[in-house]
Amino acid sequence: MLRPVTTGSPRRRHTHRRPRSRTARIVLALVAAAAVLAVAALIVPMLLPPGPRPPFQLPVACGETWQLGTYPGHDDYDVDLFPIEGEAWGRPVLASASGTVTVAGINGSLGGRTPENPEGPRGRGGGYWVKIDHGGRWETQYLHLLEPPMVREGQRVVQGEQIGRLGSTGNSGAPHLHFEQRRGWEKVETWFDGSPSGITHDDREYTLRRTSNNCG
């Protein structure tokens, strides 16, 4: 007995894709363009050559003479500042030049060295610290502050404005200010009052004295 014969192909269920509306395409294009512009705004300034050196001053009070120094293993161009007279703990730390605060917080861990317990345990890194963007891809960093910085991220500061107090937080053996100047991505020799500090390498321990002209 013959079975019924069917001809033709089996029916398929047709699915209809809703065409994407013109408005949705425009929105997606605008979002993509905004993302490209945002990335360009971050990357392009970093590719530009640095601008002229800002008029940096010592980050300490006007007229005070401080000892600047380094030691083997400290890293090239890093400068430690110690007052040569009076109590070190709590001395004002000033903005070396005008700019915008980009970091104001904790680097590493604080440790336990305080004026009341100067031999307390060391922390890690820079402790309480501040970074300032001076424009033209120039930046300064201030480490081992005594307490939370007196400025906040995004705040505009002027040269000579107090940003914190001298301490020994982080990996620090005694109250002092660790200070750096950076051009682009690189640390460079620190300049103060229009002349280089002379601290360029950490091949040996050496010190010098400079008087601050950070007089506002």
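Whatever comes next refers back to the structure up there.
Residues numbered from 1 in each chain as written. Predicted model: local features only at pLDDT ≥ 70, side-chain atom pairs only at ≥ 80, totals over all residues. Heavy atoms only, no water.

Draft legend 1. Representation of unusual backbone geometry in the model. Even without a glycine there, the phi angle at Tyr-77 is positive, about 75°. For Tyr-77, the position within the fold is in the loop between β1 (65-70) and β2 (79-83). The exposure class assigned to Tyr-77 is partly exposed, which follows from its relative accessible area of 26%. Notably, His-144 is not glycine yet its phi reads approximately 70°, a positive angle. Relative to the elements of secondary structure, His-144 occurs in strand β6 (residues 138-145). (Helix = DSSP H or I, 4+ residues; strand = E, 2+ residues; numbered from the N terminus. Buried < 20%, exposed > 50% of the residue type's maximum accessible area, 1.4 Å probe, protein only.)

Draft legend 2. Examining the pattern of salt bridges more closely. What the rule picks out here adds up to six salt bridges. Ionic pairing is found between Lys-187 and Asp-75, a salt bridge with its closest N-O pair at 2.6 Å. Within this pair, whereas Lys-187 is found in strand β10 (residues 186-188), its partner Asp-75 is found in the loop between β1 and β2, the two being separated by 112 residues in sequence. Residues Lys-187 and Asp-78 are paired through a salt bridge, measuring 2.9 Å at the closest nitrogen-oxygen approach. Highlighted residues: Lys-187 in strand β10 and Asp-78 in the loop between β1 and β2, separated in sequence by 109 residues. Note on accessibility: Lys-187 and Asp-78 belong to one class, buried. Sharing partners across several salt bridges, the network here consists of Asp-75, Asp-78 and Lys-187. (Salt bridge = Lys/Arg side-chain N within 4 Å of Asp/Glu carboxyl O.)

Draft legend 3. Here's a closer look at the side chain of Ser-172. Its place among the elements puts Ser-172 in the loop between β8 (162-165) and β9 (177-183). In this structure the side chain of Ser-172 is engaged in a polar contact, spanning 2.9 Å, whose partner is the backbone oxygen of Ala-174. Separated by 3.3 Å, the side chains of Ser-172 and His-176 make a polar contact. Once residues lying within four places of it in the same chain are set aside, the contact partners of Ser-172 are Arg-113, Arg-122 and His-144. (Polar contact = N/O pair within 3.5 Å; in protein donor to acceptor, adjacent residues only side chain to side chain. Contact = heavy atoms within 4.5 Å.)

Draft legend 4. Up close: the environment of Trp-89. Along the chain, Trp-89 turns up in the loop between β2 and β3 (92-94). Residue classification places Trp-89 among the buried positions, given a relative accessible area of 16%. The sequence separation of Trp-89 and Pro-115 amounts to 26 residues, and the corresponding C-alpha distance is 6.4 Å. Look past the residues within four positions of Trp-89 in its chain and what remains in contact with it is Arg-113, Thr-114, Pro-115, Pro-118, Leu-146, Leu-166, Gly-167, Ser-168 and Pro-175.

Draft legend 5. Broad picture of the side chain of Lys-131. Locating Lys-131 in the fold gives a position in strand β5 (residues 124-135). Here Lys-131 falls in the buried class, since its relative accessible area comes to 18%. Dropping the residues within four chain positions of it, Lys-131 is found in contact with Thr-100, Val-101, Thr-102, Val-103, Glu-139, Thr-140 and Gln-141.

Draft legend 6. Representation of the state of the cysteines within the structure. Using the criterion set out here, one finds one disulfide in the structure. Here Cys-62 is linked by a disulfide to Cys-215, with a sulfur-sulfur distance of 2.0 Å. Note on the Cys-62 and Cys-215 pair: the S-S dihedral is about 75°, so by sign convention the disulfide is right-handed. You can see Cys-62 sitting in the loop between α1 (22-47) and β1 and its partner Cys-215 sitting in the segment after β13 (206-211), a full 153 residues away along the chain. Residue Cys-215 is classed as partly exposed on the basis of its relative accessible area, which comes to 42%. (Disulfide = S-S within 2.5 Å.)

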